[in-house]
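# Fold and contact review
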Amino acid sequence: MFLHSMDYREQGKTLLQIARSSIARTLQVDHFNTDAIDISANWLAEPGATFITLTQYGLLRGCIGSLQAHQALIDNVSSNAVSAALHDNRFSPVTINDFDSICLEVSLLSTLQPLTFTSEADALAQLRPGIDGVLMEYGVYRSTFLPQVWERLLQPCEFLGQLKLKAGLCPDFWDDAIRLRLYTVQKWRETDFIKEKCDG
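My aim in this report is to walk through the structure given alongside it, one point at a time. (Residues numbered from 1 in each chain as written. Predicted model: local features only at pLDDT ≥ 70, side-chain atom pairs only at ≥ 80, totals over all residues. Heavy atoms only, no water.)

## As for the overall build of the protein
Where we set the bar: The secondary structure listing takes helices from DSSP runs of H or I that are at least 4 residues long and strands from runs of E that are at least 2 residues long, numbered from the N terminus. Only the C-alpha atoms count toward the radius of gyration. The rule for a globule is 2.2 Å times the residue count to the power 0.38. Only protein chains enter the calculation, and the probe is 1.4 Å; a residue is then buried if its accessible area is under 20% of its type maximum, exposed if over 50%, and partly exposed in between. Whether two residues touch is decided by their heavy atoms; if any such pair falls within 4.5 Å, the residues are in contact. A 1.4 Å probe and the Shrake-Rupley method give the accessible areas. Residues count as covered only by the protein chains that appear here. Here Asp and Glu are counted as negative and Lys and Arg as positive; His is not counted, and neither are the chain ends. The atom standing in for a charge is NZ when the residue is Lys, CZ when it is Arg, CG when it is Asp and CD when it is Glu.
The helix and strand tally for the protein stands at 5 helices and 8 strands. Secondary structure elements of the protein, listed N to C terminal, follow the sequence α-β-β-α-β-β-α-β-β-α-β-β-α. Since a compact globule built from 200 residues should have a radius of gyration of about 16 Å, the 18 Å found for the protein is in line with a globular shape. Of all 200 residues assigned to the protein, the portion counted as buried reaches 47%. Partitioning the intrachain contacts of the protein with sequence separation of at least 6 by distance along the chain shows that 70% fall at a separation of at least 24. If you sum the accessible surface of the protein, you get close to 10700 Å²; carbon and sulfur atoms cover 52% of it. Across the protein, 17 positive and 24 negative side-chain charges occur, with their mean positions spaced 1 Å apart.

Structure below.
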């Protein structure tokens, strides 16, 4: 699912509000108004796959998501936001005291597309830095990087090597049974709207 409406930015703002309000309700944050969000739009009921990324003071604080659409977009954003805040095993759960200092990003994923290649070099040559998210699968090993990861892993060989490492494999491992699937994202960050408000 991708959004192509004239209200693209407003749709992103709504998704961010849904994500933050879901965390607020779960943490019982009294000062955040969760009733002011319009959730009646039809597009929110369409199937969607999202990742929710939390940062705090510029550092990653949680990231949980879905690679394939299996529920309504509104429910997917809500559940992934709570999971990113409370159930990312790499981080301690977000608390009420953290709530105002975390920043949210919503990534809406396209459909996964298999990448056809004849070798690792061929696969690397086809990757588009800054554009492609990659899902790697090899037997029981599986990992993914959102396109945003290209911001710190600039070279395809480094990107794929770290993706293998994330899955539990050696960065220089290769086997012809490795499967790669690509996707792109539409993304919105709360900081983008804060800047817009300051500029406006």
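Picking up after the structure, the text goes on.
## A short note on the environment of Trp174
Following the sequence through the fold, Trp174 ends up in the loop between helix H4 (156-167) and strand S7 (179-183). With 74 residues separating them along the chain, Trp174 and Asp100 place their C-alpha atoms 44 Å apart. Setting aside anything within four residues of it in sequence, one finds Trp174 in contact with Phe117, Ser119, Glu120, Leu160 and Lys164.

## Here's the deal with helix H2 (residues 73-86)
The test is simple: By definition here, a helix of n residues has an expected span of 1.5 Å times n minus one.
For H2, which comprises 14 residues, the first-to-last C-alpha distance of 20 Å matches the rise-based estimate of 20 Å (1.5 Å per residue) to within 8%. With 10 of its 14 residues buried, H2 lies for the most part within the structure. Those residues of H2 not exposed but buried are Leu73, Ile74, Asn76, Val77, Ser78, Asn80, Ala81, Val82, Ala84 and Ala85. Summarising the contacts, the buried residues of H2 are in contact with helix H1 (8-27), strand S1 (50-56), strand S2 (59-65) and strand S3 (102-109).

## A look at the environment of Asp132
What counts here: Pairing of N or O atoms within 3.5 Å defines a polar contact, subject to two protein rules: one partner must be a possible hydrogen donor and the other a possible acceptor, and residues neighboring in sequence count only if both atoms are side-chain atoms.
Within the secondary structure layout, Asp132 lies in the loop between helix H3 (120-126) and strand S5 (133-138). With relative accessibility at 0%, the residue Asp132 sits in the buried group. For the pair formed by Asp132 and Asp88, sequence separation is 44 residues and the distance between their alpha carbons is 23 Å. Separated by 2.7 Å, the side chains of Asp132 and Arg128 make a polar contact.

## With respect to the pairing of strand S6 (residues 141-145)
What counts is decided by this rule: At least two DSSP bridges between two strands are required for those strands to pair.
Pairing of S5 with S6, which is carried by 5 bridges, proceeds in the antiparallel orientation. Across the sheet, residue Glu137 finds its bridge partner in S6, namely Arg142. Between S5 and S6, which pair antiparallel in sequence order, lie 2 residues; one of them, Gly139, sits at a positive phi of approximately 60°.

## A short note on the packing of H1 against H2
Put simply, the rule is: Only the stretch in contact is used when fitting a helix axis, every axis being a line fitted to C-alpha atoms; angles between N-to-C directions are given from 0 to 180 degrees. Note on terminology: angles under 35 degrees are roughly parallel, angles over 145 are roughly antiparallel, angles of 65 to 115 are roughly perpendicular, and the others are oblique. Crossing handedness is defined as follows: a turn of the near helix away from the far one that is anticlockwise and smaller than a right angle gives a left-handed crossing, while the clockwise case is right-handed. Any residue outside Ala, Val, Leu, Ile, Met, Phe, Trp, Tyr, Cys, Pro, Asp, Glu, Lys and Arg is labelled polar, Gly included; the first ten of those are nonpolar and the last four are charged.
Between H1 and H2, the least distance of the axes is 8 Å, while the angle of their chain directions is 50°. When the axes of H1 and H2 are compared, the pair comes out oblique. Along this stretch, H1 crosses H2, giving a crossing that reads as right-handed. Residues Leu15, Ile18, Ala19, Ser22, Ile23, Arg25, Thr26 and Leu27 of H1 form the contact with H2, whose own contacting residues are Leu73, Ile74, Val77, Ser78, Ala81, Val82, Ala85 and Leu86. Residue composition of the contact of H1 with H2, by class: 12 nonpolar, 3 polar and 1 charged.

## Quick word on the sheet that holds S3
Here we have 4 strands laid out as an open sheet, ordered S2-S1-S3-S8, and antiparallel in their pairing. The open sheet has two edge strands, S2 and strand S8 (185-189), and neither has a second partner. On average, each strand axis in the sheet is inclined to that of its neighbour by 20°, with strand direction left out of account. Sheet analysis places S3 next to S8, joined by 5 bridges and oriented antiparallel. Bridge pairing in S8 places Leu109 opposite Val185. Along the sheet face, H2 touches S1, S2 and S3 and points at about 35° away from the line of S1.

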